[in-house]
Amino acid sequence: MELKDFQAVTDLVAENLGVQTQTVKISKVRRGRCGKKFIVIPTWILSTCEEYQIYYAVHEAVHLRYKNHAPPFHSTESRLLKELLDLEIEYRHAYPRSLSVNGQQVYEREGKKKGIDKIKEKVINRIEELDQETIKLYREDWYWADHCPDEVGKYHTYYLPICYRSEELGITDDEAYHLRNHGFSPRNLRFYGQGFALYFDRDKLGLRKKEIRIKAEQRSISREGDLT
Ligand SMILES: [Zn+2]
């Protein structure tokens, strides 16, 4: 939403409550506020879903009438969300646990910690998957085993990556930043044309060690286009 949309929601709520509306400002603050002169909406709100943005504007505007979060505040807020905007709210203390439209959930509160843990888990699973693929490729590194019979039975050392692009990890660049800022990555992100490369510490994350040893096997298979 834009500033004018926040203003429109605020005006609508003020009119319904029979109170004087206030000018809305969007600024880089942590939390919104309904002050004496302005209603302040934090900039970070703009990256959340529209329903949550509407909810936020309604919440601040209801403070024009009720200063605290006592029961009259909540009954007014939930009534206005439903009547004016068809949003149903489920509370967790003073704030929404979830928002729904026609029984369909459109917003769910997620603790910050929980959010980062979820991304972390996703990334670790993805790295393990990529490791499996890489190891499979190393094992199929048949060329030297087929063509250098002397090598058969010997161990060769290979290395697993210590960084992947956000795209390969199935996360957004924002999520990669988020991880970096939460100590996931020992180094700064690097930009690689398409997405960021996220470095990681294999030991710290309980992943396979970077160095792996694979035994060369004699293969009987011969591939098409094989060099002879
Ligand atoms: Zn409040």
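Heads up: the structure comes first, above all this text.
So, a few notes on the structure that sits alongside this text.

Definitions and cut-offs
- Residues numbered from 1 in each chain as written.
- Predicted model: local features only at pLDDT ≥ 70, side-chain atom pairs only at ≥ 80, totals over all residues.
- Helix = DSSP H or I, 4+ residues; strand = E, 2+ residues; numbered from the N terminus.
- Pairing = 2+ DSSP bridges.
- Axes fitted to C-alpha atoms, helices over the stretch in contact; angles between N-to-C directions.
- Parallel < 35°, antiparallel > 145°, perpendicular 65-115°, else oblique.
- Left-handed = near helix turned anticlockwise from the far one by under 90°.
- Contact = placed C-beta atoms within 7 Å.
- Nonpolar A, V, L, I, M, F, W, Y, C, P; charged D, E, K, R; others polar.
- Buried ≥ 20, exposed ≤ 12 C-beta atoms within 10 Å, placed from the backbone.

1. A word on the environment of Arg165
Reasoning step 1: Summarising the element assignment, Arg165 is placed in strand β8 (residues 163-165).
Reasoning step 2: It is 8.9 Å that separates the C-alpha atoms of Arg165 and Arg190, two residues lying 25 residues apart in sequence.

2. Examining the sheet that holds strand β9 (residues 190-191)
Reasoning step 1: The antiparallel open sheet is built from three strands, whose spatial order is β8-β10-β9. Only two strands of the sheet have a single partner each, and these edge strands are β8 and β9.
Reasoning step 2: Relative to strand β10 (residues 196-199), β8 runs antiparallel, the two being bridged by three bridges. If you follow Tyr164 over to β10, its bridge partner there is Leu198.

3. Thoughts on unusual backbone geometry
Reasoning step 1: In this structure, His93 takes a positive phi of about 55° despite not being glycine.
Reasoning step 2: Structurally, the position occupied by His93 is in the loop between β4 (88-92) and β5 (95-101).
Reasoning step 3: Backbone geometry at Asn102 places phi at a positive 50°, although glycine is not the residue there.
Reasoning step 4: Relative to the assigned elements, Asn102 resides in the loop between β5 and β6 (104-108).

4. Considering the pairing of β5
Reasoning step 1: Sheet topology places β4 next to β5; five bridges connect them, and they run antiparallel. The residue bridging Glu88 from the neighbouring strand is Ser100, located in β5.
Reasoning step 2: As defined by bridge partners, β5 adjoins β6 across four bridges and the pair is classed as antiparallel. When the bridges of β6 are listed, Leu99 appears paired with Tyr107.
Reasoning step 3: Counted along the chain from β5 to the antiparallel partner β6, the turn is two residues long, and its residue Asn102 has a positive phi close to 50°.

5. Let's talk about the packing of helix α1 (residues 3-17) against helix α2 (residues 50-62)
For any two helices packed against each other, one specifies the crossing angle of their axes together with the interaxial distance.
Reasoning step 1: One way to put it is that α1 packs onto α2 with a least axis distance of 9 Å and a crossing angle of 45°. Considering their axes alone, α1 and α2 lie oblique with respect to each other. Two packed elements cross with a definite hand, and for α1 against α2 that hand is right-handed. Along its contact with α1, which presents Phe6, Val9, Thr10, Val13 and Ala14, the element α2 presents Ile54, Ala57, Val58, Ala61 and Val62.
Reasoning step 2: Of the residues that constitute the contact of α1 with α2, the class distribution is nine nonpolar, one polar and no charged.

6. Notes on the environment of Lys122
Reasoning step 1: Mapped onto the elements, Lys122 comes out in helix α4 (residues 112-139).
Reasoning step 2: Residue Lys122 is classed as partly exposed on the basis of its C-beta count, with 14 C-beta atoms lying within 10 Å.
Reasoning step 3: The spatial distance from the C-alpha of Lys122 to the C-alpha of Ile171 is 8.5 Å, given a sequence separation of 49 residues.
Reasoning step 4: Setting aside residues up to four positions removed in sequence, Lys122 forms contacts with Gly170 and Ile171.

7. What about the sheet that holds strand β2 (residues 33-34)?
Reasoning step 1: With mixed pairing, the three strands of this open sheet are ordered in space as β1-β3-β2. Where the open sheet ends on each side, the last strands, each with one partner, are β1 (23-27) and β2.
Reasoning step 2: Judged from the two bridges that link them, β2 and strand β3 (residues 38-42) form a sheet pairing that is antiparallel. Residue pairing for β3: Arg33 is matched across the bridge by Val40.
Reasoning step 3: α1 contacts β1 and β3 of the sheet and is inclined by roughly 140° relative to β1.
Reasoning step 4: Against the sheet, α2 makes contact with β2 and β3, and its axis sits at roughly 150° relative to β3, the strand it touches most.

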